[in-house]
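# Observations on chain architecture
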Amino acid sequence: MSTELDERYEANQTNRITKATNALLGRLHEHHDFGVIAPKDWKPKRAIPIVAYEEEPESIEVCVLPIVGGKPTVDAIKRVVCRQYGLTHNEIISTRRDRKVARPRQIAMYLCKEKTSLSFPEIGRRFGGKDHTTVIHATRTVKILARKDWLVAYDVAQLEAQL
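Along each chain, residues carry numbers from 1 onward, in the same order as the chain's sequence is written. Selection of residues for local features in this predicted model requires a pLDDT of at least 70, selection of side-chain atom pairs for listing and counting requires 80 or more, and totals for whole chains, interfaces and linings are taken over all residues. Each side-chain value is worked out from all heavy atoms of the structure, with water and hydrogens disregarded.

A few words on the side chain of Glu91. By the criteria applied, helices consist of DSSP H or I runs no shorter than four residues and strands consist of E runs no shorter than two, each listed in order from the N terminus. Tracing the sequence through the fold places Glu91 in helix H3 (residues 89-92). Polar contacts here mean pairs of N or O atoms no more than 3.5 Å apart (in protein, one a potential hydrogen donor and the other a potential acceptor; neighbouring residues in sequence count only if both atoms are side-chain atoms). Of the polar contacts made by the side chain of Glu91, one reaches the backbone nitrogen of Thr88; its length is 2.9 Å.

So this is what it looks like as C-alpha cells:
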C-alpha cells in the first residue's frame, strides 16, 4: 500500500513540476523572443525541480499586438519598443531627454511614420503631445543613425521583424 501511495505522490509531483516548468518556459518565451517556437504538444524529457508549488501556478496572460488592416498600430509599436529597451509606457511618452529614453522614443516615432499612415502631428499626439517638428527630427535622426551606426540599424530591423 505504501509503495502505491509513494508512486502516486511521485507522479503527482512530477506532473506539478512539469506544469511549473512549462509555465516558466512560456513566460520566458513571452518576454524574451528567442525565435524558437515549441510545438503545442511539447513536453520536457526530464523535469528538473526548481520550485515545488503547493498550489497550481497562476495562468499566463498573452500579450497580443493589435494589427489593423495589415499595419501595426502605434500602441503595438510602442509596446514592442518598450519591451526591447526595458521602458514603461509612461517613460516613452514622457518629456525626459536622457538618451536611455529619448533614443527609443525616436526609434518608435520613426517606426510609426514608416509603418502607419499617420501624419507627423498625429504621431506627436500619440507620444504625449509632442510637437510635429519633434517627430520630424526623430525620423530624420533615426534614418541618419541607421546609415552610420550598425547597432541602430540592427535594432530597427529587429523591431520591424517583431511587428
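Glancing now at a positive patch on the surface. Residues enter patches when they are more than 30% accessible in relative terms and free of salt bridges; like-charged ones are connected within 9 Å and nonpolar ones (Val, Leu, Ile, Met, Phe, Trp, Tyr) within 5 Å. Computed by Shrake-Rupley with a 1.4 Å probe, the accessible areas treat only the displayed protein chains as cover when residues are assessed. Note on definitions: salt bridges are taken to be side-chain nitrogens of Lys or Arg within 4 Å of carboxyl oxygens of Asp or Glu. Positive charges are assigned to Lys and Arg, negative charges to Asp and Glu, while His and the chain termini are left out of the count. By convention, the charge on Lys lies at NZ, on Arg at CZ, on Asp at CG and on Glu at CD. Judged by side-chain charge, Arg140, Lys143, Arg147 and Lys148 come together as a positively charged surface patch. Position of Lys143 relative to the elements: it lies in helix H6 (residues 132-148). Remark: exposure states derive from per-residue accessible area (1.4 Å probe, protein chains only) relative to the maximum for the residue type, with buried under 20%, exposed over 50%, and partly exposed in between. The exposure class of Lys143 is partly exposed, given its relative accessible area of 39%.

Here we take up the packing of helix H4 (residues 99-115) against H6. The interhelical angle for the contact between H4 and H6, taken along N-to-C directions, is 95°, at an axis separation of 8 Å. On the basis of their axis angle, the class for H4 and H6 is roughly perpendicular. On the side of H4, the interface is formed by Arg103, Gln106, Ile107, Met109, Tyr110, Lys113 and Glu114, while H6 contributes Thr134, Val135, His137, Ala138, Thr139, Thr141, Val142, Lys143 and Leu145. The nonpolar class holds Ala, Val, Leu, Ile, Met, Phe, Trp, Tyr, Cys and Pro. Asp, Glu, Lys and Arg form the charged class, and all remaining residues, Gly among them, are polar. Partitioned by chemical class, the residues of the contact of H4 with H6 number seven nonpolar, five polar and four charged. Note on geometry: axes are lines fitted to C-alpha atoms, helical ones only across the stretch in contact, with angles between N-to-C directions running from 0 to 180 degrees. By the definition adopted for this analysis, an angle is roughly parallel if under 35 degrees, roughly antiparallel if over 145, roughly perpendicular if from 65 to 115, and oblique otherwise. Residue contacts are defined here by distance: any two heavy atoms, one from each residue, within 4.5 Å place the two residues in contact.

This part is about the nonpolar core. Here the nonpolar core consists of buried residues drawn from Ala, Val, Leu, Ile, Met, Phe, Trp, Tyr and Cys, with membership extended through side-chain atoms lying within 4.5 Å. In this structure, Val81, Leu111, Ile123, Phe127 and Val156 are the most contacted members of the largest nonpolar core, which totals 23 residues. Counting residues per element, the ones that place at least two in this core are helix H2 (74-85), H4, H6 and helix H7 (150-162). Tallying contributions element by element places H4 first for this core, with seven residues. Discounting residues that sit within four places of it in the chain, Ile123 has contacts with Met109, Cys112, Lys113, Leu118 and Val135.

Tracing the chain through its elements places Gly124 in helix H5 (residues 120-126). Along the primary structure Gly124 and Thr134 are separated by ten residues, whereas in three dimensions their C-alpha atoms are 7.4 Å apart. For Gly124, the residues in contact, after removing those within four places along its chain, are Gly129, Lys130 and Val135.

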